[in-house]
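# Coordinates in review
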Amino acid sequence: MAKIKFPFTLGVASGEPAPDGVMLWTRLAPDPLNGGGMPASSFDVRWEVAEDEAFGRLTASGTARAQPAGAHSVHVKVAGLRPSSVYFYRFRVDGHTSRVGRTKTAPAAGSTAPVRIAVASCQRYEHGYFTALKHLAAEQPDVVLHLGDYIYEYGKPAAPAPGRYVRPLKDSTAACTTLNAYRERYALYRLDPDLQAAHAAAPWLTIPDDHEVVNNYQGKTGDAKRRRAAYQANYEHLPYRVKPGGDAMQFYRWRPFGKVADLLLADVRQYRTPGDMLGPAQTTWLLDRLTTSAARWTVLAQPLFFAPRNPPSADAWDAFPASRAKILQAAPDDLVVLSGDVHNAWAGELDRGVEFVATAVSSAPPAVRDDALERNPHLRFFDGHRGYLVAHASMEEFTVDYRTVAYVDRPGAPVSTAASFRAVGNKLVRIDL
Ligand SMILES: [Fe+2]
């Protein structure tokens, strides 16, 4: 068989950290923007895990099959690792070796070790550079939560908005509707060095919002073929533990981090009905988790703005007040909600607990009224830059740093901390920087 060209163009990734293991990911794609460029046959890919970056002694290794039906993606479930431990990993095939990724297992069930969680969302390629993710990578958090809009499905507009369209898509680019189109969109994003660096720095947990499929989609009412293609391509490019089943994929899940934090990831799109944001099965699951969580911090991570807003939003939790009330009723008094979607950073106080809204990595923000905070006294903070946030959870406290970059229309923006808050019950206490 002909030797393939360097196939690890899209980098490496890890995710779904557990106390005894993680998922590892790569995809063989020598020509990523032209269908991948692999022959229509399967390849055995060797994977290696070590405690040292030089791979002096392997902790675990094996082979995984990359198949044409999965776009030659590889998902490796590594078990038998130690909790709260850093590992390095790489892949080999046909004489080629991938870059090295760094990952970390979750703490053991009884652990009281602090956890650092980075939160990102909304990375529209056309709208800017992913500089925020470069800085996020440098922080080497214990886990990265990505709360949706990992890709945007849009085609190239006839008249791109000036100043907001800094990395143009190819002229012929249409909105993604087919599996090949979604695959190429993921490939375009994953060629970005900052996104690759962020995946190579820490394990990720991702929950899609709407743009992984199509703007504002909800429930099962849309195009099943398109959803199926979108979920398949999403799976093929991220280190999930579960596979899609046709036009459905279970994204909602619980990821415990010792006694310190229970991360509950909720899906606000797939099961939505008029009047019910989460659907009956997910609601039962979530209410059960909220009432039985024994961790110091119960963290609800989901894409959409959770707190009420004046004026109310038609496409966030404001439109589902009964769903929100049920969650708050079941939640502990110091629930922490993490969200994204709105392309600006906010912090707010809830009836129980607090909400930290991460800004966009690069997506252009909507205009925000000057009196937004005045009209919403429970919202305590607004910042209109791009960036991400870093949460520090320990048995003693939960604090959040809002990291921002000054610009995304060219590479190289430095990072700074716009504000830091401590969650105290349902109050936010600003920490002096
Ligand atoms: Fe977005």
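Residues numbered from 1 in each chain as written. Predicted model: local features only at pLDDT ≥ 70, side-chain atom pairs only at ≥ 80, totals over all residues. Heavy atoms only, no water.

## Focus on the pattern of salt bridges
Convention followed: When a carboxyl oxygen of Asp or Glu is within 4 Å of a side-chain nitrogen of Lys or Arg, the pair counts as a salt bridge. Numbering goes from the N terminus for both helices and strands, where a helix is a DSSP run of H or I of at least four residues and a strand is a run of E of at least two.
Evaluation of the coordinates by the stated rule reveals 25 salt bridges. As a salt-bridge pair, Asp171 and Lys156 come within 2.6 Å of each other at their nearest N and O atoms. Of this pair, Asp171 sits in the loop between β10 (143-146) and α2 (179-190) while Lys156 sits in the loop between β10 and α2; the two residues are 15 residues apart in sequence, bridging distant segments of the chain. Note that Arg296 and Asp334 form a salt bridge whose closest N and O atoms lie 2.7 Å from each other. Taken together, the positions of Arg296 in the loop between α5 (280-292) and β14 (297-301) and Asp334 in the loop between α6 (321-330) and β15 (336-339) put the pair 38 residues apart, joining distant regions of the chain. The structure contains a network of salt bridges with shared partners spanning Arg46, Glu48, Arg90 and Arg92.

## Regarding the pairing of strand β6 (residues 86-93)
Rule in force here: Exposure categories follow from relative accessible area, calculated using a 1.4 Å probe and restricted to protein chains: below 20% of the type maximum is buried, above 50% is exposed, and the middle band is partly exposed. The rule for pairing is simple: two strands pair if DSSP sees at least two bridges between them.
Buried residues dominate β6, accounting for six of its eight residues. Two elements, strand β3 (residues 43-50) and β6, share five bridges in a ladder whose sense is antiparallel. Paired with Arg46 across the two strands is Arg92, which belongs to β6. As judged from the four bridges shared by β6 and strand β8 (residues 101-104), these two strands associate in the antiparallel manner. The residue bridging Tyr87 from the neighbouring strand is Thr103, located in β8. Bridge analysis of β6 against strand β7 (residues 96-97) gives two bridges, and the strand direction is antiparallel. Residue pairing for β7: Val93 is matched across the bridge by His96. Where β6 hands over to β7, the hairpin turn is made up of two residues, of which Asp94 adopts a positive phi near 50°.

## Section: the coordination of the iron ion
We apply this condition: Donor atoms (N, O, S) are those found within 2.8 Å of the metal centre, with the cutoff raised to 3.2 Å for Na, K and Ca; water is not part of the atom list, so apparent gaps in a site can occur.
Within the protein, the atoms that donate to the iron ion are Cys122 (SG), Asp149 (OD), Tyr152 (OH) and His343 (NE2), at distances of 2.1 to 2.5 Å. Read N to C, the donor residues that coordinate the iron ion are spaced as C-x26-D-x2-Y-x190-H. Here Tyr152 is found in the loop between β10 and α2, whereas its partner His343 is found in the loop between β15 and β16 (345-349), with 191 residues between them in sequence. Residue His343 is classed as buried on the basis of its relative accessible area of 12%.

## Quick notes on unusual backbone geometry
For the bond from Asn310 to Pro311, the omega torsion is 0°, close enough to zero to count as cis. Relative to the assigned elements, Pro311 resides in the loop between β14 and α6. Even without glycine at this site, Glu16 takes up a positive phi of about 50°. Tracing the backbone shows Glu16 in strand β1 (residues 12-18). Positive phi, close to 45°, is recorded for Gln140, a residue that is not glycine.

## A few points about the domain arrangement of the protein
Using the following cut-off: For every domain, the bounds stem from an assignment made automatically or drawn from a database. For this analysis, residues touch if any pair of their heavy atoms sits within 4.5 Å. As a working definition, buried area equals the accessible area (1.4 Å probe) given up by two parts on being put together, with both sides summed. We define a polar contact as two N or O atoms separated by no more than 3.5 Å, with the added condition that, inside protein, one atom must be a possible hydrogen donor and the other a possible acceptor, whereas residues neighbouring each other in sequence contribute only through side-chain atom pairs.
The domain boundaries assigned to the protein delineate domain 1 (1-105) and domain 2 (109-431). Between the C-alpha centres of domain 1 and domain 2 there is a distance of 26 Å. Taken together, the contact between domain 1 and domain 2 spans 33 residues of the former and 31 residues of the latter. Together, the buried faces of domain 1 and domain 2 total about 2700 Å²; carbon and sulfur atoms form 50% of this surface. Considering only the side of domain 1, the residues that lose the most area to domain 2 are Glu16, Leu33 and Arg102, jointly responsible for 27% of the buried surface there. The residue Glu16 makes a salt bridge to Arg253 at a minimum N-O spacing of 2.8 Å. Linking domain 1 with domain 2 are 18 residue pairs in polar contact (both at pLDDT 80 or more). Counting residues per element, the ones that place at least two in the side of domain 1 that touches domain 2 are β1, β2 (21-27), β5 (73-78) and β8.

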